[in-house]
Amino acid sequence: MAWWLLALIPVAAIAGLFGDGLFSEVTAGSERAGGTVTYERFGRLTADTKLELEFARPSRTTDVAISRAFLDRYDTSEVRPEPVRVRTLSDAVVFTFAAAPAGRATFFLQPDAVGSSGGTVTVTGGTPVRVKQLVYP
Amino acid sequence: MEPVLRAIGCYLLLLFVIRLSGKLGLAHVTIFDLVLLLLISQTVGQALIGNDSSLTTAAIITITLIVINRANDTVAHRWADMSHVLEDAPLVLIENGVVHEDRMARMKVRLDDILENGRLDEGVERLDQIKHAILERSGAISIIAKDGEDGGEGSAGG
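Residues numbered from 1 in each chain as written. Chains lettered and ligands numbered in written order. Predicted model: local features only at pLDDT ≥ 70, side-chain atom pairs only at ≥ 80, totals over all residues.

Asker: How should I be thinking about helix α1 (residues 2-15) of chain A in this particular structure?
Answerer: Helical periodicity: at 3.6 residues per turn, an α-helix aligns residues three or four positions apart in one direction. In a regular helix each residue adds 1.5 Å, so 14 residues correspond to 20 Å; α1(A) covers 20 Å between its end C-alpha atoms and thus fits that length. Residues of α1(A) that are buried: P10(A), A13(A) and I14(A). Down the axis of α1(A), the sector holding all buried residues measures 110°, keeping them to one side. Exposed side chains of α1(A) directed beyond 90 degrees from the buried face belong to A2(A), W4(A), L5(A) and V11(A). Buried residues belonging to α1(A) abut α1 (2-21) and α3 (55-78) of chain B. Once α1(A) ends, the next one or two residues include G16(A), with phi positive near 115°. (Helix = DSSP H or I, 4+ residues; strand = E, 2+ residues; numbered from the N terminus. Expected span 1.5 Å × (residues − 1). Buried ≥ 20, exposed ≤ 12 C-beta atoms within 10 Å, placed from the backbone. Arc of directions from axis to C-beta. Contact = placed C-beta atoms within 7 Å.)

Asker: Mind showing me how you'd approach the pairing of strand β5 (residues 61-67) of chain A here?
Answerer: Side-chain positions along a regular strand alternate between the two faces of the sheet. All names here are of chain A. The alternating pattern of β5 places T62, V64 and I66 on a buried face, while none of T61, D63, A65 and S67, on the opposite face, is buried. Pairing of β5 with strand β8 (residues 92-98) involves seven bridges; the strand directions are antiparallel. Residue V64 lies in a different strand from β8, and its bridge partner there is F95. Where β5 lies against strand β10 (residues 115-123), three bridges are found, and the strand directions are antiparallel. By the bridge assignment for β10, I66 is matched with V121. (Pairing = 2+ DSSP bridges.)

Asker: Sorry, what's going on with the sheet that holds strand β2 (residues 98-99) of chain B here?
Answerer: Sheet strands pair via backbone hydrogen bonds, and the direction of the pair is either parallel or antiparallel. All names here are of chain B. Taken together, four strands build an open sheet; the order of strands is β2-β1-β3-β4 and the sheet is antiparallel. Looking at strand neighbours, the two that pair on one side only are β2 and β4 (141-145), the edges of this open sheet. Pairing analysis gives five bridges linking strand β3 (residues 130-135) to β4, with the strands arranged antiparallel. Directly across from L135, in β4, lies its bridge partner I141. Most of the contacts of helix α6 (residues 111-121) go to β4, to which it runs at about 65°, and overall it touches β1 (91-95), β3 and β4. (Axes fitted to C-alpha atoms, helices over the stretch in contact; angles between N-to-C directions.)

Asker: Where do I start with the sheet that holds strand β1 (residues 25-30) of chain A in this structure?
Answerer: Residue and element names in this part refer to chain A. The sheet built from five strands is open, its strands ordered β1-β2-β4-β9-β6 with antiparallel pairing. Edge positions in the sheet fall to β1 and β6 (74-80), since each of these pairs with one other strand and no more. Pairwise comparison of adjacent strand axes, ignoring direction, gives a mean angle of 20° for this sheet. Judged from the six bridges that link them, strand β4 (residues 49-55) and strand β9 (residues 104-111) form a sheet pairing that is antiparallel. Pairing of E52 across the sheet is with T106, part of β9.

Asker: Just checking my understanding: could you explain the interface of chain A and chain B for this structure?
Answerer: By convention, interface size is frequently given as the accessible area that disappears when the constituent parts associate. Taken together, the 19 residues of chain A in the interface contact 17 residues of chain B. Among the elements that take part in the side of chain A that touches chain B, α1(A) stands out by supplying seven residues, more than any other. Tallied by class, the residues present in the side of chain A that touches chain B amount to 13 nonpolar, three polar and three charged. (Nonpolar A, V, L, I, M, F, W, Y, C, P; charged D, E, K, R; others polar.)

Asker: Would you mind going over the environment of G50(B) with me for this structure?
Answerer: Residue and element names in this part refer to chain B. Within the secondary structure layout, G50 lies in the loop between α2 (31-49) and α3. Taking the C-beta count within 10 Å as the criterion, G50 has 13 such neighbours and is therefore assigned partly exposed. Sequence spacing of G50 and R6 is 44 residues, and the spatial spacing of their C-alpha atoms is 9.0 Å.

Right under this line is the structure:
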């Protein structure tokens, strides 16, 4: 019996209960929000995780504001494509992207705090999209 | 998912490499063999973890390795043919006093190793006192002395 319980752990990991997995990705947002945000429901401390944005209406420049309540719990390893400008406001960090052919931007983040991380991602002219990730130690 | 795949990959790699390299006679594990083992474990350890040093990943990898090993044992126990593939089989080096030198050469076992094990395990002094010598799956050499030939019978005069 104990062996079967232990065997459930790798199965749960493959399914995505502890981070990247078959069913761990969640997509939030809509046309009204100006795009969609795809991310993992669960993360692991110091393990890379991605926040992928797809803009509904690609324009000459697109501003993406990520709330600091969320971003302060991560180290930003890389942003693709490279933003042309980054502004830090009191409650958000705004990344300005030049028009990308694919209308996408990807943030590579590394959690540096355990627990639930929540916040909003707002694309120019859209409504805020709520993102939430549980980070394991 | 990635830690599980890494653990399965490393386990299969080690199983494959160790099975191909044959039994390592425990009788002649040298310091260099130990250093080599440490190097292998360190290299594989890095491949297992990658850039992810979280406690959760360590737990997933540890549990995955234990579960695969248990599954391996279960398969080997249930199907004898698979046991030879997964765990190797014992090899008789001396059979009823007849020395199989070809097998010893293949497994890099010397007569001195067998005699040493005979002295340590059975207290035998000469080759003709050994009935069977078997290279076990673990790499140890087990010795079966001829009747009345073990150390307790007192063949010190030979």
